[in-house]
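Topology and contacts: notes
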Amino acid sequence: MPLSIHIESDAGVGLASFQHEFAAPVAGVFGPSGCGKTTLLETICGMRRPSMTTGRIVFNDTVWLDQAQGICLPPEARNVGYVPQQHLLFPHWLVRQNLLAGQKRALAQGSDVKSLMQQAVDALELGDLLERYPHQLSGGQRQRVALGRALISGAKLLLLDEPLASLDHKLRYRIIPFLQQIRETFQVPMLIVSHQPAELQALCDEVVVMEQGRLADKGSPRDVFLKSEIYSALEDGFENILYGHVVSYTETLTTLKLCDAKLGPEVQVSRIDLPAGSRALLRLNAHEIMLAKQPVAKISARNRLPSRIVELRMLPNKVIVVTQVGDCAEAIIAAEVTPDAVDSLDLKVGDGVFLVIKSNSFQVCR
Amino acid sequence: MEPIINVILSTLAWASLASLIVFLLGTPLAYWMARYDFIGKRALIAISSLPLVLPPTAVGYLLLLLLADRGLLGRETLGFSLDILLTWKGVVLAYCVMSFPLYLRTARVSFEAVDPGLESINRTLGNSRLATFFAVTLPLAKRGLAAGIILSFTRAMGEFGATIMVAANIPGKTQTLASAIYSAQQSGDDTRANILLMVAIALGFILVYLTEWLAQPKRFTNSHASNYATVHPH
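What you are looking at is a predicted structure, and each value in this text was computed from that prediction instead of being measured. (Residues numbered from 1 in each chain as written. Chains lettered and ligands numbered in written order. Predicted model: local features only at pLDDT ≥ 70, side-chain atom pairs only at ≥ 80, totals over all residues. Heavy atoms only, no water.)

**Quick notes on the overall build of chain A**
Of regular secondary structure, chain A possesses ten helices and 21 strands. Here the C-alpha atoms of chain A give a radius of gyration of 22 Å, agreeing with the 21 Å that 2.2 N^0.38 yields for 366 residues. Seen through its C-alpha atoms, chain A measures out along the principal axes to roughly 65 × 50 × 30 Å. Each of the 366 residues in chain A was classed as buried or not, and the buried ones make up 57%. Of the roughly 15,800 Å² that chain A leaves accessible, carbon and sulfur atoms contribute 47%. Distance between charge centroids for chain A: 5 Å, based on 37 positive and 39 negative side chains. (Helix = DSSP H or I, 4+ residues; strand = E, 2+ residues; numbered from the N terminus. Rg over C-alpha atoms; globule rule 2.2 N^0.38 Å. Buried < 20%, exposed > 50% of the residue type's maximum accessible area, 1.4 Å probe, protein only. Areas by Shrake-Rupley, 256 points an atom, 1.4 Å probe, with all protein chains shown as cover. Lys, Arg positive; Asp, Glu negative; His and termini not counted. Charge placed at Lys NZ, Arg CZ, Asp CG, Glu CD.)

**Remarks on the pairing of strand S17 (residues 303-315) of chain A**
Residue and element names in this part refer to chain A. In this sheet, strand S20 (residues 352-357) lies alongside S17 in antiparallel orientation, the contact comprising six bridges. Bridged to Arg 308 within S20 is Gly 352. Looking at chain direction, S17 and strand S18 (residues 318-325) are connected through eight bridges and run antiparallel. When the sheet's bridge partners are listed, Ser 307 is paired in S18 with Val 325. (Pairing = 2+ DSSP bridges.)

**Some thoughts on the sheet that holds strand S14 (residues 266-270) of chain A**
Residue and element names in this part refer to chain A. Strands sit in the order S14-S13-S12-S15-S21 across an open sheet of five strands; the sheet is antiparallel. Each end of this open sheet is capped by a strand with a single partner; those strands are S14 and strand S21 (362-365). Between one strand axis and the next, the sheet turns by 45 degrees as a mean value, whatever way the strands run. Sheet analysis places strand S13 (residues 253-258) next to S14, joined by five bridges and oriented antiparallel. Residue pairing in the sheet places Thr 255 in a bridge with Gln 268 of S14. (Axes fitted to C-alpha atoms, helices over the stretch in contact; angles between N-to-C directions.)

**Side note on a nonpolar patch on the surface**
Residues and elements named next belong to chain B. On the surface, a nonpolar cluster with roughly 630 Å² of combined accessible area is contributed by Leu 17, Leu 20, Ile 21, Phe 23, Leu 24, Leu 25 and Trp 88. Per element, the largest residue contribution to the nonpolar patch is six residues, and it comes from helix H1 (residues 4-35). One can find Leu 20 in helix H1. For Leu 20, a relative accessible area of 46% gives the class partly exposed. (Patch = residues over 30% accessible without salt bridge, like charges linked within 9 Å, V, L, I, M, F, W, Y side chains within 5 Å. Salt bridge = Lys/Arg side-chain N within 4 Å of Asp/Glu carboxyl O.)

**Here we look at the layout of surface pockets**
All names here are of chain A. Taken as a whole, the second largest pocket spans an internal volume of roughly 650 Å³. What lines the second largest pocket is a set of 26 residues, among which His 195, Gln 196, Pro 197, Glu 235 and Asp 236 lie closest to the centre. For the lining of the second largest pocket, the secondary structure elements donating two or more residues are helix H7 (197-203), strand S10 (206-211) and helix H9 (228-233). Looking at the lining of the second largest pocket residue by residue, the class counts come to ten nonpolar, eight polar and eight charged. Split by domain, the residues of the lining of the second largest pocket number at least three in each of domain 1 (3-225) and domain 2 (239-365). (1 Å grid on protein atoms, 1.4 Å probe; cavity = no way out; pocket = protein on both sides within 12 Å on 5 of 7 lines; lining within 4 Å. Points joined across faces, edges and corners; volume = space filled by probe spheres on them. Nonpolar A, V, L, I, M, F, W, Y, C, P; charged D, E, K, R; others polar. Domains from an automatic or database assignment.)

**Some words on the pattern of salt bridges**
Opposite charge on two side chains permits pairing when their charged atoms draw close. Residues and elements named next belong to chain A. A complete count under the given rule lists 20 salt bridges over all chains for this structure. Between Lys 257 and Glu 266 there is a salt bridge, with its nearest N and O atoms 3.7 Å apart. Several salt bridges converge on common partners, so that one network encompasses Asp 223, Glu 311 and Arg 313.

**Considerations on the packing of aromatic side chains**
All told, the structure shown has 13 aromatic pairs over all chains when counted by the stated rule. When the ring of B:Phe133 is compared with that of B:Phe134, the centres are 5.4 Å apart and the planes differ by 85 degrees; the resulting orientation is edge-to-face. Judged by its relative accessible area of 52%, B:Phe134 falls in the exposed class. Seen in terms of ring centroids, B:Phe160 and B:Tyr182 are 5.4 Å apart; in terms of plane orientation they differ by 55 degrees. Their pairing is tilted. Here the residue B:Phe160 occupies a position in the loop between helix H7 (129-158) and helix H8 (161-167), and B:Tyr182 occupies one in helix H9 (residues 177-186), the gap between them amounting to 22 residues. Residue B:Phe160 is classed as partly exposed on the basis of its relative accessible area, which comes to 29%. Cluster of aromatic residues (ring-pair linked, three or more members): B:Tyr31, B:Phe111, B:Phe133 and B:Phe134. Seen from the ring of A:Tyr243, A:Arg279 lies directly overhead, with NZ or CZ sitting 4.3 Å from the centre. Over the ring of B:Trp213 we find B:Arg143, and its NZ or CZ is 5.3 Å from the ring centre. (Phe/Tyr/Trp six-rings, centres within 6.5 Å; stacked < 30°, edge-to-face > 60°. Lys NZ or Arg CZ within 6 Å of the ring centre and 35° of its normal.)

**Comments concerning the sheet that holds strand S16 (residues 290-292) of chain A**
Residue and element names in this part refer to chain A. Pairing in this open sheet of five strands is antiparallel, and the strands run S16-S20-S17-S18-S19 from one edge to the other. Unpaired on one side and paired on the other, S16 and strand S19 (332-337) mark the two borders of the sheet. For this sheet the average axis-to-axis angle between neighbouring strands, irrespective of direction, equals 45 degrees.

**Things to note about empty space enclosed by the protein**
Residue and element names in this part refer to chain B. A full pass over the atoms with the stated rule returns one cavity of 30 Å³ or more. Met 33, Ile 45, Ser 48, Ser 49, Pro 101, Leu 104, Arg 105 and Arg 108 are the residues that line the largest cavity. Looking at the lining of the largest cavity, the elements that each hand over two or more residues are helix H2 (41-53) and helix H5 (88-112). Looking at the lining of the largest cavity element by element, the count peaks at four residues for H5. Looking at the lining of the largest cavity residue by residue, the classes come out as four nonpolar, two polar and two charged.

**Here's the deal with the nonpolar core**
Residue and element names in this part refer to chain A. Grouped together as the largest cluster of nonpolar side chains are 63 residues, with contacts concentrated most on Leu 99, Leu 158 and Ile 182. Looking at this core element by element, the count peaks at seven residues for helix H4 (residues 113-124). For this core, the domains that each give at least three residues are domain 1 (3-225) and domain 2 (239-365). Every residue in contact with Leu 99, bar those within four places of it in the chain, is listed here: Met 117, Val 121, Leu 126, Leu 130, Val 145, Gly 148, Arg 149 and Ile 152. (Core = buried A, V, L, I, M, F, W, Y, C linked by side-chain atoms within 4.5 Å. Contact = heavy atoms within 4.5 Å.)

**Thoughts on the domain arrangement of chain A**
Residues and elements named next belong to chain A. Examined at the domain level, chain A breaks down into domain 1 (3-225) and domain 2 (239-365). In this structure, domain 1 and domain 2 have C-alpha centres spaced 33 Å apart. The partner domain 2 presents ten residues to the eight residues of domain 1 that form the contact. Both sides of the domain 1 and domain 2 interface together cover about 810 Å² of buried area, and 50% of this is carbon and sulfur. If you sort the residues of domain 1 by the area they bury against domain 2, Tyr 173, Gln 201 and Arg 222 come out on top, with a joint share of 50%. Linking domain 1 to domain 2 there are one salt bridge. Close ionic contact of Asp 223 with Arg 313 constitutes a salt bridge, the shortest N to O distance being 3.4 Å. On inspection of domain 1 and its partner domain 2, the count reaches four residue pairs in polar contact (both at pLDDT 80 or more). Listed by contribution, the elements that provide at least two residues to the side of domain 1 that touches domain 2 are helix H6 (175-186), H7 and helix H8 (221-225). Looking at which element gives the most residues to the side of domain 1 that touches domain 2, the answer is H7, with three residues. For the side of domain 1 that touches domain 2, the residue count by class is four nonpolar, two polar and two charged. (Buried area = accessible area lost by both parts, 1.4 Å probe. Polar contact = N/O pair within 3.5 Å; in protein donor to acceptor, adjacent residues only side chain to side chain.)

Laid out in structure tokens, this is it:
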């Protein structure tokens, strides 16, 4: 996504300093609430023009904002699809009419709105909702409609504000597969703002961190979230985000292959009702993993995964052990242990260890 | 004597024309006042509300001063006559001035109740500011605007003081429902006064009833319908 942003402001609120060129097709902005993430999105889409000393936003060689030259394209000229946290569906229109709110632009671009609509309705499973009003929808359904509306408007860049935040705790990860579907079907670049690492890890190729209106850090999601300052500030600890393909299941357990449907290491999780072959998103908290230097034969934990330590990150009071499981290069799992444990097991980079994980430590979404 | 039906029809026609003028002028002004902050906004609100609190005769007298030969809008100042005083145009002018603040206030509140975020999001979808006003803002504010128009219409129908000052009470020319009741009662024609009274009560009832109905708008809430969980599983 060739989006370049440079904003400097001395207003003291909102955005203070942000300079970055987003290159990845799906990028994330991470930061606590009040750090200026929403202001950033609203500035990008043109809904807001904060006071700034320097302001320049360029997307695909089109200048959207140039403070020095007095250029500021209105929102309707920027070709963005903004999905705000509160969804902002039009209450007086049916879902169908909401979805078509931006069709004029799509038509002007020469898009086939009908097939665009069909694709979005299929990808987001909106078929049964078309004749309802927004107030008859749940939070998750509203979110999907807002997403569909942005897609059908022929947006060249999707801006998502906290896609998980407004959803019930139990359902919040269900939007992720939809977003992945969108990512694959529509190939529209996305910029996702969130204060939750899990969704950014699951979706983004690149993450920037914002703190008090400033760009504080950037890198790949795993790199960023394993950094000492950020890792320590994570409220619920670090979650490994992994993909699995269902292989088989018994009465109580489901077996999945991690990352690669053929070569990936197998794990067992509490039974999920998904047919063999389907893909699932797994979350695994780093502090729920035990490390063993030798195979442990008699233990209740169902998973004992042979792996290799690729990195040790020393934090105050804890050590993050980054391991690669089996032969699959993408199957990277981080475990959190105490410095004491590292000493007594004499853990070093390159050592083989077994990851001991209970089946119910995996949280499965779809 | 002017037939009662003529009095009623001309009053309705003048009040309708006044409401139309108030709607066309007041709607954009109300939207502007609801969405933008500018220097003197409070003063403008106060000035535009004055006819609500002044005695109608005071407003009528002010209009009279403005339109008199040497007034700001008089024949000698403009070089030609607007020919408003003592004509039906005077009635419409008095109606407009007296009902304008009522409409402006209701319309402004209705526009303020429309989430500006909805307008912004519609613009990010590629729609212009004007298209957004007609597609999003106006439909969402329409019940309030309709209530405001009916309110201003009823205010016009009941207008007496300012009309008497500007247009007088000339039967067959500028006599309105309100001034006809006054004339009938003064001349001792009780039957005529009673019929006019009945008509005024009936019209007033219908209009206020309509306003009440409009004032309880169909709510588009963001909260789940109470039976949501059982009817629409996620």
